[in-house]
Each structure stands twice: as structure tokens, then as C-alpha cells.
Amino acid sequence: MTMPENGEGTAAALSLTSSTVDGISVIRVDGVLDATTREQFADYLSMAGADVILDLAGVTFMDSRALGLIVHHWQTSLTSGSRFALVGVEYSKSKVMWITGLAQRLPLYDTLDDALAALG
């Protein structure tokens, strides 16, 4: 059996898990956020509650389409008065966030505790 290369085969490309902390859905994202996993990620986000923290510490790569989904969810939360935050974002795996200038605008926190404290 050969291993898929270059993101081929999405079976293990993306793992999404969620829990609830202080009434906020905490979604842990592990793997690749790109065109091959966009629909899976979008579907999962659409099932989340109004208040969301995305834990992106396990992301190995993010493309502009995935970032677009995140930005859309963030903008929706702003207009609806919901709570939204990102934690564990690493430059090396999410460069598109810095290239677009969104890293300075999105609610980024180092840890889940930091995000929970800020969202209080």
C-alpha cells in the first residue's frame, strides 16, 4: 500500500472535533485546510453554535479558500453579536493569514484560556 502524496486522498487529510466550554463551541482542526477539505470544513462550521472558537494548532496547511470560510464565519459573528476567536494559529502553516493582512484583524489568541478570558 502506498501513501497518498501532495494531499491526495482526503480520508485522513482533515480531522474535526468539537467540545463545549462555557457555552462556546470549541472546534479543533487537525490537518489540511484547502480545496480538498473545504466542503467538509464548511459543513462542520455550519453545524457549530453561534459562539465559536477555532483551535487551529493542528493545522498543517491553510489556503485562501479556507481562510475565506473563517473570515465569513467571523464577519457573521460580528453582525450577530456572537463570540468568535482563533487559537493556536502558526505563521508557518497559515501564511495566507499574514499575506492578506487578516492576522492583524482576526481575533487571534495563543491559548484557549486566553480566548475564553477575552470572550468572557
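Residues numbered from 1 in each chain as written. Predicted model: local features only at pLDDT ≥ 70, side-chain atom pairs only at ≥ 80, totals over all residues. Heavy atoms only, no water.

Student: Please explain the packing of helix H1 (residues 38–47) against helix H2 (residues 64–80) as it appears in this structure.
Tutor: Each packed pair of helices is defined by two parameters, the angle between the axes and the distance between the axes. Close contact between H1 and H2 brings their axes to 10 Å; oriented N to C, the two are set at 15°. Considered as vectors, H1 and H2 are oriented roughly parallel to each other. Both H1 and H2 take part in a crossing whose hand is right-handed. Contacts between H1 and H2 involve Arg38, Phe41, Ala42 and Leu45 from the first element and Arg65, Ala66, Leu69, Ile70 and His73 from the second. Residue composition of the contact of H1 with H2, by class: six nonpolar, one polar and two charged. (Axes fitted to C-alpha atoms, helices over the stretch in contact; angles between N-to-C directions. Helix = DSSP H or I, 4+ residues; strand = E, 2+ residues; numbered from the N terminus. Parallel < 35°, antiparallel > 145°, perpendicular 65-115°, else oblique. Left-handed = near helix turned anticlockwise from the far one by under 90°. Contact = heavy atoms within 4.5 Å. Nonpolar A, V, L, I, M, F, W, Y, C, P; charged D, E, K, R; others polar.)

Student: I keep staring at the sheet that holds strand S1 (residues 14–21) and nothing clicks. Help me out?
Tutor: In any sheet, the strands associate via hydrogen bonds between backbone groups, in a parallel or an antiparallel arrangement. Ordered by their spatial adjacency, five strands build an open sheet running S1-S2-S3-S4-S5, and the pairing between neighbours is mixed. Only two strands of the sheet have a single neighbouring strand rather than two, namely S1 and strand S5 (108–109). In terms of strand pairing, strand S2 (residues 24–33) meets strand S3 (residues 52–62) through eight bridges, oriented parallel. By the bridge assignment, Val26 is partnered in S3 with Ile53. Of the strands in this sheet, S2, S3 and strand S4 (84–87) touch H2, which is tilted by about 170° from S3. (Pairing = 2+ DSSP bridges.)

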